[in-house]
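# Observations on the three-dimensional arrangement
Chain residues, written in single-letter form:
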Amino acid sequence: MGHREEPASRSAMEGDCLSCMKYLMFIFNFFIFLGGSFLLGVGLWVLLDPMGFREIVAANPLLFTGVYIILALGGLLFLLGFLGCCGAIRENKCLLLFFFMLILFIFLTELAAAILAFLFREHLTREYFTRELKRHYQGHNNTDVFTSTWNAIMTTFDCCGVSSPEDFEESLFRLISPRKAVPEACCQRNRFLGDGEHVSLEQCLSGTMAFRHNKGCYSAVVDYFETYIYMAGALAIVVLTIELFAMVFAMCLFRGIQ
């Protein structure tokens, strides 16, 4: 009798653990599902808002790109949460396996991106950006991705060049526009008169320091993101840990389902 009761009690404990893991995974993925739904809602609202917010975002390429990143991230989280919830509550092995494979793909992609960022960190130096700016920046050309990206950065962060406006000396920009000391993106704007109104465009383009931004974009961007570096690192560790636990939960539940 004692031998029969022991397997029965062990089976009951395994069943309780499986049930507990199932509901924990459901709750965990339900919050992921809500987060993805929220991001999708925000992204769609920005793109479809009839009050004109879309035009404000579209005027800034960095913000416009950010909206699509939010939409992509929201859609991915929405799909992950949906698969995890359905796979857990219905105890569906196919959904759980698909959920595991998707999480594993995301995890490996993030790991590969971190390794590539470490290997190519020497390309993120001030000298590298200065060299590329001198070679490829054209000035006022919205069809060139490199030029439009730099214009967006200089306009957003109120900066000029990589280290200073002198970076445009002996550059492709000066060959194309020999009468301009700096591009229009470097010129100060009167915020009270609207974003399209420069303080004094002619004097700025001629090289007058009082009407242009004199801080380099490298320092401006680093200063802006410095407060978020540790936060981003901590968030990355938390996300990777959550993904590891999600894979372990999914695989344990997959193996526990008869």
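Scroll up to find the structure.
Residues numbered from 1 in each chain as written. Predicted model: local features only at pLDDT ≥ 70, side-chain atom pairs only at ≥ 80, totals over all residues. Heavy atoms only, no water.

### Section: the packing of aromatic side chains
Summed over the entire model, instances satisfying the criterion amount to 8 aromatic pairs. Both rings, one in Phe-26 and one in Phe-30, keep their centres 6.2 Å apart while their planes meet at 15°; by these two values the pair is stacked. Residue Phe-26 and its partner Phe-30 are located together in helix α1 (residues 2–48), separated by 4 residues, close to a single helical turn. With centroids separated by 5.7 Å and ring planes inclined at 65°, the aromatic side chains of Tyr-128 and Phe-129 adopt a geometry described as edge-to-face. A residue is classified by how much of its surface remains accessible, and Tyr-128, at 25% relative accessible area, is partly exposed. When its relative accessible area of 27% is taken as the criterion, Phe-129 is described as partly exposed. Taken together, the ring pairs connect Phe-26, Phe-30 and Phe-31 into an aromatic cluster. (Phe/Tyr/Trp six-rings, centres within 6.5 Å; stacked < 30°, edge-to-face > 60°. Helix = DSSP H or I, 4+ residues; strand = E, 2+ residues; numbered from the N terminus. Buried < 20%, exposed > 50% of the residue type's maximum accessible area, 1.4 Å probe, protein only.)

### A short note on the state of the cysteines
The final tally for this structure, using the stated rule, is 3 disulfides. The disulfide that involves Cys-160 links it to Cys-186, with 2.1 Å between the sulfurs. Since a negative S-S torsion denotes a left-handed disulfide, the Cys-160-Cys-186 link at about 85° is right-handed. Of this pair, Cys-160 sits in the loop between α6 (145–157) and α7 (172–176) while Cys-186 sits in the loop between α7 and α8 (201–205), and the two are 26 residues apart along the sequence. Classification of Cys-160 as buried rests on a relative accessible area of 0%. There is a disulfide in this structure between Cys-187 and Cys-204, and the S-S distance comes to 2.1 Å. Judged by the sign of its S-S torsion, about -95°, the bond between Cys-187 and Cys-204 is left-handed. Highlighted residues: Cys-187 in the loop between α7 and α8 and Cys-204 in helix α8, separated in sequence by 17 residues. (Disulfide = S-S within 2.5 Å.)

### Examining helix α5 (residues 126–136)
Burial in α5 covers these residues: Thr-130, Glu-132 and Leu-133. The buried residues of α5 all sit within an arc of 165° when viewed along its axis, so they share a single face. In α5, those exposed residues whose orientation departs by more than 90 degrees from the buried face are Glu-127 and Arg-135. Elements in contact with the buried residues of α5: α6. (Arc of directions from axis to C-beta. Contact = heavy atoms within 4.5 Å.)

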